[in-house]
Amino acid sequence: MCIRDRSTYPTFTFTPSTTTSYPVTFCYIKVGGTVAEVPRQMSLQPANPQGWSHPYGSTQRIREYLDITVTGTGLSVVNDILIISSDPCEQYPIVEASYLGFNTISQRQIVTSTQTMFTLQVLPVPSAPSSPRTLYMCYNAAGVWYQVPRPMVYDVATPTRFAFSRSNPRAGQHIKFSVSGLDSTSSLTGSFALPLSAATYAWCSNYTAGGASDPSIRIADSLSLIDSPYWSPEGLFALCTQVITRPVADIDDSLDLPSSFTISAPNPTSMSVYPVRPHVGQKVTFTIVLSVDYNFNDRVKVVNEDSTIGCDDACLLYTSPSPRDS
């Protein structure tokens, strides 16, 4: 309990910690004096919202997309506010707003809603991910903040991060993501990439087959490696993963940022061939259009066509000398 005012009319505040209703009586203790019962009783009402739950038991992990259901009475996703915070809810000031809001450590989408329950999609952005993290669900109705019972304890992300096998990855290359933080109890069961833009956020759990940026992305090793033999699009993307028995999560090459990585424009950008319809036994000339300056050590490989194998792993048919040597 804390004192907000030390005048003749002091104001005391306290935050009940139980979820059920019960009557209380106030006692005033004067320094150097006696204990006096204040002649007023109050019946504390049950917590509202009453609580939250999700389909994955009692475990939450950073970066996971969880469909969390909040229950109570008179709930409104139009007029009320919900915040997931690293601070207890009693530290928040009154906020005037008419929407279900979010703070900088969470992103959300409403899945379903009624006056007695609503389900929202939550992705906490990582912060200090090397140890579990406690968050609080704060609900504001009619200008009053309520702390939804039971703090949300988030375990570290699984997997924790990825690293590219090459610097400045480009479209057309064999792209490899080395993944860390996995073990035999949390192996990868799925992975895909979604495009990002400045105006929209790619929600990994809303993934559909038609929305994937690169259908060739695959799990090369369920404990350590995701790859794409031939990554076709360029741009900004999010990498989404799923481990066994858990919801979809995102992953980044940074420990404390939302998933975001860039695939640069292809190099070469195009090629012309002469003759246009080459035959076996002919001398074939191909002219490469580069987006990056040519280096005399550059070479061209001719390989068997196989969409499941990148150029670096494909069966070699021919390696060209450099134009300087030919």
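Residues numbered from 1 in each chain as written. Predicted model: local features only at pLDDT ≥ 70, side-chain atom pairs only at ≥ 80, totals over all residues. Heavy atoms only, no water.

K.L.:
Could you give me a rundown of the sheet that holds strand E17 (residues 218-221), with the residues and numbers involved?
P.N.:
Within the open sheet, the four strands sit side by side as E14-E15-E18-E17. Their pairing is antiparallel. In this open sheet, the two edge strands, each paired with only one partner strand, are strand E14 (161-164) and E17. Each strand of the sheet is rotated relative to its neighbour by a mean of 30 degrees, with strand direction disregarded. Relative to strand E15 (residues 175-180), E14 runs antiparallel, the two being bridged by four bridges. (Pairing = 2+ DSSP bridges. Helix = DSSP H or I, 4+ residues; strand = E, 2+ residues; numbered from the N terminus. Axes fitted to C-alpha atoms, helices over the stretch in contact; angles between N-to-C directions.)

K.L.:
Tell me about the environment of Ser178, and please be specific about residues and values.
P.N.:
Assignment of secondary structure puts Ser178 in strand E15. As for Ser178 and Leu225, which are separated by 47 residues in sequence, their C-alpha atoms are 4.8 Å apart. What Ser178 contacts, discounting residues up to four positions off in sequence, is Arg161, Phe162, Ala163, Ser224 and Leu225. (Contact = heavy atoms within 4.5 Å.)

K.L.:
Help me get a handle on a nonpolar patch on the surface, residues and values and all.
P.N.:
A cluster of nonpolar side chains, namely Met271, Val273, Val284, Ile288, Leu290, Tyr294 and Phe296, defines an oily patch on the protein surface of about 560 Å² accessible area. Within the secondary structure, Phe296 is located in the loop between strand E23 (285-289) and strand E24 (301-303). For Phe296, a relative accessible area of 46% translates into the label partly exposed. (Patch = residues over 30% accessible without salt bridge, like charges linked within 9 Å, V, L, I, M, F, W, Y side chains within 5 Å. Areas by Shrake-Rupley, 256 points an atom, 1.4 Å probe, with all protein chains shown as cover. Salt bridge = Lys/Arg side-chain N within 4 Å of Asp/Glu carboxyl O. Buried < 20%, exposed > 50% of the residue type's maximum accessible area, 1.4 Å probe, protein only.)

K.L.:
Any chance you could break down unusual backbone geometry for me, citing the residues and the numbers?
P.N.:
Geometrically, the link from Asn48 to Pro49 is a cis peptide bond, its omega value of 5 degrees lying close to zero. Mapped onto the elements of the fold, Pro49 is located in the loop between strand E4 (35-44) and strand E5 (51-53). A cis amide bond links Asn267 with the next residue in sequence, Pro268, at an omega value of 5 degrees. Secondary-structure assignment places Pro268 in the loop between strand E21 (261-263) and strand E22 (270-274).

K.L.:
I'd like a rundown of the side chain of Arg246, residues and numbers included.
P.N.:
Summarising the element assignment, Arg246 is placed in the loop between strand E19 (235-243) and strand E20 (248-251). Assessed through its relative accessible area of 8%, Arg246 is described here as buried. One polar contact links the side chain of Arg246 to the main-chain carbonyl oxygen of Thr59, over a distance of 3.1 Å. Setting aside residues up to four positions removed in sequence, Arg246 forms contacts with Tyr56, Thr59, Gln60, Arg61 and Glu64. (Polar contact = N/O pair within 3.5 Å; in protein donor to acceptor, adjacent residues only side chain to side chain.)

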